[in-house]
Amino acid sequence: MTIPRTLFDKIWESHIVRQQTAETPAVLYIDLHLIHEVTSPQAFTELRQRGLKVRRPDRTLATMDHSTPTTPRGPDGIIPVIDAQAVAQLGQLETNCADFGIPLFKLGSANQGIVHVIGPEQGLTQPGMTIVCGDSHTSTHGAFGALAFGIGTSEVAHVLATQCLIQNRPRTMEVRVDGRPGFGVTAKDIILAIIARYGVGAGTGHVFEYTGAAIRALSMEERMTICNMSIEGGARAGMIAPDDTTFQYIAGRPFAPQGAAWEAALAQWRSLPTDAGATYDRTITLDASQLTPMITYGTNPGMGMPIDGRIPLPEEMPDPSARQALDKALRYMDLRPGEPLLGHKIDVVFLGSCTNSRISDLRLAAGMLKGRRVAEGVRMLVVPGSQQVRQQAEAEGLHEVFRAAGAEWREAGCSACLGMNDDKVPAGKYAVSTSNRNFEGRQGPGARTFLASPVTAVAAAIEGAVADPRKYLRN
Amino acid sequence: MEKISSITGRFVVLPVQDIDTDQIIPARYLKVTDKSGLAEGLFFAWRFNADGSPKPDFVLNRPEAQGATILVAGRNFGCGSSREHAPWALQGYGFQAVISPYFADIFRNNALKNGLLPVQVDEETYEQLVSLFDEDPTTEVRIDLESQSVTLPDGRSARFPIDPFAKHCLLNGVDQMGFLLAEEPAIAAYEAGHAPRVVTTRS
Ligand code: SF4
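The shown structure was predicted, so the numbers you read here are calculated from the model rather than taken from an experiment. (Residues numbered from 1 in each chain as written. Chains lettered and ligands numbered in written order. Predicted model: local features only at pLDDT ≥ 70, side-chain atom pairs only at ≥ 80, totals over all residues.)

(A) Molecular detail of the overall build of chain B. Helix and strand counts for chain B come out as nine helices and seven strands. Looking at chain B as a whole, 43% of its 203 residues are labelled buried. (Helix = DSSP H or I, 4+ residues; strand = E, 2+ residues; numbered from the N terminus. Buried ≥ 20, exposed ≤ 12 C-beta atoms within 10 Å, placed from the backbone.)

Next up, the structure:
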């Protein structure tokens with residue numbers, strides 16, 4: 001009898017080029033390498049300095065997303081880039097891709113978008129693969145039953161040159177979510193609740209595998225939202241076993257296997273889920289039926305609470321260090337312990353990012369916003385994750401709903417998620433954002449971020465204050 | 001890569017847990033295509049006021065913190081994004097090592113790749129360092145890579161874990177890219193023996 005193995009074990013073991021020993025880590029083969037303008041330039045410089053080629057440009061794909069503007073196109077159909085440094089960085093990526101033969105989705109072209117949105121959308125992200133990118137939210141792709149994680153620029157150079165990485169085997173952690181989520185509770189609320197309960201360091205050294213009835217019931221886009229924020233729970237990667245939901249999503253996409261290759265792939269993918277009796281190094285659990293919509297109040301994604309909750313008191317924190325962290329966070333946010341957030345005035349709503357900018361997110365938000373208006377004085381940015389999402393949304397008329405409500409309908413990209421391009425939250429202002437990080441200054445110097453789901457973001461846009469989305473949803 | 005065997009120097013303490021890479025180096029500094037200018041952005045929002053003047057009470061701006069080569073920080077240091085600009089900025093500023101109760105995975109990897117030593121100590125040692133700095137900010141510690149130990153001036157010492165391969169590379173100045181390139185025959189054999197999972201990324 002063979003030893004039962006986890007999904008992670010199977011993928012890890014099938015990608016070993018050189019076994020881990022007491023002295024050396026494993027050499028792991030990488031199936032797909034995604035790159036973007038911010039974390040790749042210095043890696044190409046290293047290649048040039050050493051006279052190296054890109055080993056598999058045909059397993060590499062580049063896009064422009066982080067430093068790009070999301071402002072409307074000019075009459076020539078081109079998105080104008082004004083920031084000189086961004087121009088240089090985007091130009092450098094273009095040169096690098098041309099010199100090394102790497103396909104590139106240029107700014108504004110039909111398939112361009114946030115790197116973690118385009119991989120799945122193109123059907124490149126598939127079960128059983130190893131996928132890396134110089135970006136921590138590469139964990140998103142794990143939703144398909146792939147082992148996907150973020151790497152630094154030195155490692156980007158390693159993968160470009162050798163299609164391999166030097167890796168120590170991580171530990172595994174099962175994150176089991178059972179129960180049926182309550183009314184108004186989305187995938188975003190589930191992952192925010194996991195991080196609030198177990199903390200931002202819980203997954204350090206581990207790969208998460210999300211299991212349980214609540215996870216199985218999620219759509220692919222919802223699964224991506226969950227896996228996306230694995231890194232906020234400290235895990236470099238998060239995965240979900242592939243099933244029919246996964247296969248249906250991939251079928252027919254541009255890079256999905258076709259015909260006989262599809263049948264062969266399917267047979268292989270069906271062998272991937274964790275075997276009965278396989279063990280994880282650790283298991284944590286959550287009962288989805290106990291959840292309400294979530295919102296963060298502090299400056300890391302673990303500082304979250306139910307939308308109708310109260311900000312914790314210092315004495316409720318587990319240790320002095322956590323008390324200090326709470327104190328520091330509340331000073332930055334200009335909030336007080338014990339207060340509710342409901343009704344707290346907000347200035348900006350950001351609907352976008354690799355966490356929540358896919359078509360289902362936009363449909364959900366538009367459905368709620370239809371016939372309503374963004375409150376006076378609130379700026380709402382709606383930023384589709386990719387040009388494909390944008391086109392789909394426009395074909396469905398969603399952009400008209402957003403515009404009619406007074407929101408801005410923008411070009412695809414990372415936008416206000418990270419305060420690197422023109423889209424920023426002004427200093428001292430409060431934003432409800434569907435992105436993944438509420439760190440100090442993340443959305444712009446001095447910006448104050450409440451992380452929440454798309455429906456909670458829309459509710460806040462309507463009221464101009466933190467609001468419970470459930471009153472706007474039909475049960 | 002330069003060889004590292006030990007670091008002796010003064011340290012500064014940033015007693016904050018979960019310091020994320022957006023604090024270490026904000027995204028607007030990531031528009032460079034080389035590694036220059038990053039030290040300027042290090043802990044920018046904590047170091048400087050909106051008008052660009054230094055905040056006098058921030059630890060790195062205090063006179064006694066000048067010339068320190070070791071940063072001591074709260075647990076889960078370097079969480080958040082994968083930007084290698086974080087270790088580059090810390091090194092550009094003059095730090096050679098960071099001591100913390102634990103590090104976020106990607107930061108630790110990135111730091112090791114650049115010879116910025118991530119030194120993981122128990123909470124008690126961390127607390128000792130915090131109070132030592134309070135008492136006398138000119139205190140020096142010694143980090144010895146071979147024996148994987150941090151030694152305080154009074155002789156107390158704590159061991160720290162480090163991946164044996166990373167240690168070997170740091171001690172001997174071994175370049176990890178070179179190690180991987182030498183695996184070419186094994187990589188070619190792997191490719192020959194496995195059907196491609198991505199046939200091509202070219203449309
Ligand atoms: S949307 Fe935000 S989190 Fe996602 S890749 Fe872009 S910057 Fe990173």
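(B) Looking closely at the overall build of chain A. Of regular secondary structure, chain A possesses 15 helices and 19 strands. Overall size of chain A, expressed as C-alpha extent along the three principal axes, is 60 × 55 × 45 Å. Out of the 475 residues in chain A, the part that is buried amounts to 60%. Long-range contacts, defined as pairs at least 24 residues apart, comprise 77% of the intrachain contacts of chain A with a sequence gap of at least 6. (Contact = placed C-beta atoms within 7 Å.)

(C) Quick peek at the interface of chain B and chain A. On the chain A side, the residues contacting the 51 residues of chain B number 67 residues. Counting only elements with at least two residues in the side of chain B that touches chain A, the list comes to helix 1 (21-24), helix 5 (105-114), helix 7 (164-172), helix 8 (176-181) and helix 9 (184-193) of chain B. For the side of chain B that touches chain A, the residue count by class is 20 nonpolar, 15 polar and 16 charged. (Nonpolar A, V, L, I, M, F, W, Y, C, P; charged D, E, K, R; others polar.)

(D) Local environment of the site of the ligand. Of all residues adjacent to the ligand, which total 13 residues, the nearest are Ser-353, Cys-354, Cys-414, Cys-417 and Leu-418 of chain A. Residue composition of the shell around the ligand, grouped by class: five nonpolar, six polar and two charged. (Near = placed C-beta within 6 Å.)

(E) Region of the structure containing the pairing of strand 16 (residues 379-382) of chain A. Residues and elements named next belong to chain A. Pairing geometry for strand 15 (residues 348-351) and strand 16, over four bridges, is parallel. If you follow Val-349 over to strand 16, its bridge partner there is Met-380. Between strand 15 and its parallel partner strand 16, the chain crosses via helix 12 (residues 359-369), and the hand of that crossover is right-handed. Pairing geometry for strand 16 and strand 17 (residues 408-409), over two bridges, is parallel. (Pairing = 2+ DSSP bridges. Right-handed = clockwise from strand over helix to strand, strands pointing away.)

(F) Fine view of helix 6 (residues 123-135) of chain B. Residues and elements named next belong to chain B. Over its 13 residues, helix 6 extends 18 Å from the first C-alpha to the last, a length consistent with the 18 Å expected when each residue adds 1.5 Å. Listing the buried residues of helix 6 in full gives Thr-125, Tyr-126, Leu-129 and Phe-133. Seen from one end, helix 6 has its buried residues packed into an arc of 105 degrees, which puts them on one side. Residues of helix 6 that are exposed and angled more than 90 degrees away from the buried face: Glu-124, Ser-131, Asp-134 and Glu-135. Where helix 6 is buried, its residues touch strand 1 (6-14), strand 2 (70-73), strand 3 (97-100), strand 6 (149-151) and strand 7 (157-159). (Expected span 1.5 Å × (residues − 1). Arc of directions from axis to C-beta.)

(G) Structural view of the packing of helix 12 of chain A against helix 15 (residues 454-463) of chain A. Residue and element names in this part refer to chain A. The contact between helix 12 and helix 15 brings their axes to 9 Å, and the two run at 30 degrees. In terms of axis orientation, helix 12 runs roughly parallel to helix 15. Helix-helix and strand crossings are classified by hand; for helix 12 and helix 15 the assignment is right-handed. Contact residues: Asp-361, Leu-364, Ala-365, Met-368 and Leu-369 in helix 12; Pro-454, Val-455 and Val-458 in helix 15. For the contact of helix 12 with helix 15, a count of residues per class yields seven nonpolar, no polar and one charged. (Axes fitted to C-alpha atoms, helices over the stretch in contact; angles between N-to-C directions. Parallel < 35°, antiparallel > 145°, perpendicular 65-115°, else oblique. Left-handed = near helix turned anticlockwise from the far one by under 90°.)

(H) Highlighting the pairing of strand 1 of chain B. Residues and elements named next belong to chain B. Across five bridges, strand 1 lies against strand 5 (residues 140-144) in antiparallel orientation. Looking at the pairing, Ile-7 lines up with Ile-143 of strand 5. In this sheet, strand 2 lies alongside strand 1 in parallel orientation, the contact comprising four bridges. If you follow Val-13 over to strand 2, its bridge partner there is Val-72.

(I) Focus on the nonpolar core. Judged by nonpolar contacts, the single largest core of 208 residues is most densely connected at Val-349 of chain A together with Val-98 of chain B. A per-element tally of this core places helix 6 (residues 187-198) of chain A first, with eight residues. In this structure, Val-98 of chain B is in contact with Leu-71, Ala-73, Phe-77, Leu-90, Ala-111, Leu-116, Pro-118 and Val-119 of chain B, ignoring residues within four places of it in sequence. (Core = buried A, V, L, I, M, F, W, Y, C linked by C-beta atoms within 7 Å.)

(J) Structural view of helix 2 (residues 41-50) of chain A. Residue and element names in this part refer to chain A. Restricting attention to buried positions, one finds in helix 2 the residues Pro-41, Gln-42, Ala-43 and Phe-44. Buried residues along helix 2 sit in contact with helix 3 (84-100) and helix 5 (153-162). After helix 2 finishes, the residue Gly-51 shows a positive phi value of roughly 70 degrees.

(K) Highlighting the sheet that holds strand 2 (residues 26-29) of chain A. Read across the open sheet, the three strands follow the order 1-2-8 (chain A); overall the sheet is antiparallel. The sheet is open, and its two borders are formed by strand 1 (16-18) and strand 8 (164-167) of chain A, each paired with just one other strand. On average, adjacent strands in this sheet sit at an angle of 40 degrees to one another, irrespective of strand direction. Each of strand 1, strand 2 and strand 8 of chain A touches helix 9 of chain B; the most contacted strand, strand 1 of chain A, lies at about 150 degrees to it.

(L) A look at the confidence of the model for chain B. Chain-level statistics for chain B give a pLDDT mean of 96 and a share of 100% at 70 or above. As scored by the predictor, the complex reaches a pTM of 0.97 and an ipTM of 0.96. (pLDDT = per-residue confidence, 0-100.)

(M) Spotlight on the sheet that holds strand 11 (residues 237-239) of chain A. Residue and element names in this part refer to chain A. One open sheet accounts for four strands, arranged 11-10-9-12; its pairing is parallel. With one partner strand each, in any of the chains shown, strand 11 and strand 12 (282-287) form the two edges of the open sheet. Shown here is a sheet whose adjacent strand axes are inclined to one another by a mean of 20 degrees, direction ignored. Against the sheet, helix 6 engages strand 9 (171-178) and strand 12, with an angle of about 125 degrees to strand 12.

(N) The environment of Ile-106 of chain B, seen in detail. Along the chain, Ile-106 of chain B falls in helix 5. By C-beta crowding, Ile-106 of chain B is classed as buried, having 27 other C-beta atoms within 10 Å. Taking the C-alpha atoms as reference points, Ile-106 of chain B and Thr-21 of chain B, 85 residues apart in sequence, are found 10 Å from one another. Apart from the residues lying within four places of it in its own chain, the contact partners of Ile-106 of chain B are Ser-136, Gly-150, Gly-152 and Arg-236 of chain A together with Ser-82 of chain B.

(O) Broad picture of the environment of Ala-461 of chain A. Residue and element names in this part refer to chain A. Relative to the helices and strands, Ala-461 is located in helix 15. Given 31 C-beta atoms within 10 Å, Ala-461 falls into the buried group. It is 40 Å that separates the C-alpha atoms of Ala-461 and Cys-97, two residues lying 364 residues apart in sequence. Apart from the residues lying within four places of it in its own chain, the contact partners of Ala-461 are Val-349, Val-374, Ala-375, Val-378 and Met-380.

(P) View of unusual backbone geometry. Residues and elements named next belong to chain A. Non-glycine residue Asp-334 carries a positive phi angle of around 55 degrees. As for its placement among the helices and strands, Asp-334 is situated in the loop between helix 11 (320-333) and strand 15. Owing to 9 C-beta atoms within 10 Å, Asp-334 belongs among the exposed residues under this scheme.

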